[in-house]
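Per-entry structural report
Read off the chains here:
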Amino acid sequence: MNYIFIFLILISFVCALINGRMDIVIDEMLKASTRAVEIALGLIGIMAFWLGIVNIAKDCGLIDLFSKLIKKPLLLLFPDLKNNPSALSNIALNISANALGLTNAATPFGIKAMEDMQEKNQNKEIATDSMCMFLAVNTAGFQLVPAVVIAILSANGMKNPTQIILPTLFATTIAFISSIFFAKIFQKLSQAKKELFK
Amino acid sequence: MIKFLTSLSLYLLPLIITIILCSALVKKTPAYESFIEGARDGFNIAIKIIPYLIAIMAASAMFRASGAVDILGKFLNPVFETFKIPPQTLMVMITRSLSGSATLGVLGDIINQTGVDSYATKLAAIITGSSETTFYVASVYFGAVGIKKFRYALLSGIMADITGLIAAIYIASIFFL
């Protein structure tokens with residue numbers, strides 16, 4: 001991110017110099033900064049509303065219920081966690097909280113799950129298959145409602161920003177499934193490699 | 001079919017809220033207090049992303065105003081044109097695996113530039129909403145327990161990102177073109 005930031009600004013100055021558009025560039029720089037604050041402030045209301053709603057879900061045990069439901073199917077993805085129920089339930093809680101967009105609540109569960117898996121790990125510096133699977137699934141970012149994005153669209157005056165929910169859900173589901181698929185394939189490949197060098 | 005799905009989008013949110021409120025009723029959870037407590041976080045999140053938004057929105061606005069994008073766009077235009085991808089969305093594709101807040105900034109920049117109801121905005125919104133920042137997640141989770149060899153974790157994540165990106169482009173074109 002560091003390089004992207006530096007690169008973007010330096011290149012703009014160089015291009016502005018060549019194209020003789022330095023005044024426009026400076027003007028845009030100042031305007032965009034103001035716009036950024038406006039967007040962020042406009043976001044507060046919707047974000048607060050959504051986080052309020054999902055906090056009810058958390059408090060009345062919906063997330064726990066959901067995580068219980070997905071525990072069984074999760075064992076298919078993490079077969080070596082059969083003897084590590086704590087890791088499995090933390091993974092389930094992490095995925096459930098993430099699905100509702102509670103990123104702040106999800107991260108502690110995720111870290112706890114990693115610690116549980118690390119406890120049974122033979123080599124503490126090398127990731128296990130379950131760890132890789134967990135990470136892959138997590139990076140796919142499965143989410144029922146992309147609250148922040150909707151908040152930004154609405155703060156900018158889009159009429160019905162919820163129209164993006166379903167297409168986003170399709171895209172994120174495909175990413176989710178493919179993360180499982182790729183993790184499994186790479187897992188098989190690394191197993192095959194190990195056998196070969198035995 | 002698409003019309004039906006689009007209206008389904010509209011009802012998905014009320015449905016989720018109804019389920020949540022009904023289970024609060026059944027479980028006798030103090031919904032109001034719970035809501036207030038959760039809503040407080042919304043403020044913090046919005047404030048927290050301000051510096052990221054400023055950094056990325058300012059940098060990309062400058063980049064665009066300088067005419068650099070036009071040069072970059074010339075190379076990529078043929079590819080983007082074939083798949084009907086608005087060239088403005090290129091930055092979202094680059095940043096989405098690197099930083100979530102930066103991607104929000106880019107989304108803000110695209111809205112700024114093309115308007116909130118443009119196809120570019122919708123596509124960028126879907127791309128932003130359907131991904132998690134692979135590199136950030138990896139460094140947080142593996143860093144927390146001291147894993148140094150990530151093995152195939154990052155590669156799987158990136159492959160899933162690419163698949164998700166292609167899916168987002170395809171799905172957006174079905175829904176909104």
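Just above sits the structure.
Worth saying up front: this structure is predicted, and the values here are computed from it rather than measured.

Quick look at the overall build of chain B
Scanning chain B for helices and strands turns up eight helices and zero strands. Reported as C-alpha extents along the three principal axes, the dimensions of chain B are approximately 60 × 50 × 30 Å. Per-residue burial for chain B yields a buried fraction of 54% across its 177 residues. Excluding contacts between residues fewer than 6 apart, the proportion of contacts in chain B whose partners are at least 24 apart in sequence is 67%. Here chain B displays about 8400 Å² of accessible surface, and carbon together with sulfur accounts for 70% of that area. Considering chain B, the positive charge centre built from 13 side chains and the negative charge centre built from 9 side chains are found 7 Å apart.

Considering the interface of chain A and chain B
With 96 residues of chain A at the contact, the number on the chain B side is 99 residues. The salt bridge involving Glu125 of chain A is made with Lys148 of chain B; its shortest N-O contact spans 3.3 Å. Elements with a minimum of two residues in the side of chain A that touches chain B: helix H1 (2-19), helix H2 (22-59), helix H5 (103-119), helix H6 (129-139), helix H7 (147-155) and helix H8 (165-196) of chain A. Take the side of chain A that touches chain B: its biggest share by element is 25 residues, from H2 of chain A. A per-class count over the side of chain A that touches chain B returns 61 nonpolar, 26 polar and nine charged.

Structural notes on the packing of aromatic side chains
All names here are of chain A. The final tally for this structure, using the stated rule, is nine aromatic pairs over all chains. Note on Phe142 and Phe176: the rings are 5.3 Å apart at their centroids and 45° apart in plane angle, and the pair reads as tilted. Taken together, the residues Phe142 in the loop between H6 and H7 and Phe176 in helix H8 connect sequence positions 34 residues apart. Arranged with centres 5.4 Å apart and planes meeting at 70°, the rings of Phe181 and Phe182 form a pair that is edge-to-face. Given a relative accessible area of 48%, Phe181 falls into the partly exposed group. Accessibility expressed as a relative area gives 15% for Phe182, which makes it buried.

Describing the layout of surface pockets
Here the largest pocket defines a volume of roughly 1300 Å³. Listing elements by their share of the lining of the largest pocket, those giving two or more residues are H2, helix H4 (85-99), H5, H6 and H7 of chain A together with helix H2 (31-65), helix H5 (100-114) and helix H6 (119-129) of chain B. The element contributing the most residues to the lining of the largest pocket is H2 of chain B, with nine residues. Among the residues making up the lining of the largest pocket, the classes are represented as 23 nonpolar, 19 polar and six charged.

Concerning empty space enclosed by the protein
Taken as a whole and judged by the stated rule, the model has two cavities of 30 Å³ or more. Contributing elements (two or more residues each) for the lining of the largest cavity: H5 of chain A together with helix H7 (134-145) of chain B. Looking at which element gives the most residues to the lining of the largest cavity, the answer is H7 of chain B, with four residues. A class-by-class count of the residues in the lining of the largest cavity yields five nonpolar, four polar and one charged. Of the volumes computed, that of the second largest cavity is approximately 60 Å³. What lines the second largest cavity is Val69, Leu72, Gly73, Leu76, Asn77, Phe80, Pro87 and Leu90 of chain B. Ranked by residue count, the leading element in the lining of the second largest cavity is helix H3 (residues 68-82) of chain B, at six residues. Of the residues in the lining of the second largest cavity, the class split is six nonpolar, two polar and no charged.

Some remarks on the pattern of salt bridges
Residues and elements named next belong to chain A. Within the structure shown, the criterion is met by six salt bridges over all chains. The closest approach of N and O atoms between Lys31 and Asp27, which form a salt bridge, is 3.3 Å. One end of the pair is Lys31 and the other is Asp27, both in helix H2 and four residues apart, which spans about a single turn. Note on Asp27: relative accessible area 37%, which makes it partly exposed.

What counts, and at which threshold
- Residues numbered from 1 in each chain as written.
- Chains lettered and ligands numbered in written order.
- Predicted model: local features only at pLDDT ≥ 70, side-chain atom pairs only at ≥ 80, totals over all residues.
- Heavy atoms only, no water.
- Helix = DSSP H or I, 4+ residues; strand = E, 2+ residues; numbered from the N terminus.
- Buried < 20%, exposed > 50% of the residue type's maximum accessible area, 1.4 Å probe, protein only.
- Contact = heavy atoms within 4.5 Å.
- Areas by Shrake-Rupley, 256 points an atom, 1.4 Å probe, with all protein chains shown as cover.
- Lys, Arg positive; Asp, Glu negative; His and termini not counted.
- Charge placed at Lys NZ, Arg CZ, Asp CG, Glu CD.
- Salt bridge = Lys/Arg side-chain N within 4 Å of Asp/Glu carboxyl O.
- Nonpolar A, V, L, I, M, F, W, Y, C, P; charged D, E, K, R; others polar.
- Phe/Tyr/Trp six-rings, centres within 6.5 Å; stacked < 30°, edge-to-face > 60°.
- 1 Å grid on protein atoms, 1.4 Å probe; cavity = no way out; pocket = protein on both sides within 12 Å on 5 of 7 lines; lining within 4 Å.
- Points joined across faces, edges and corners; volume = space filled by probe spheres on them.

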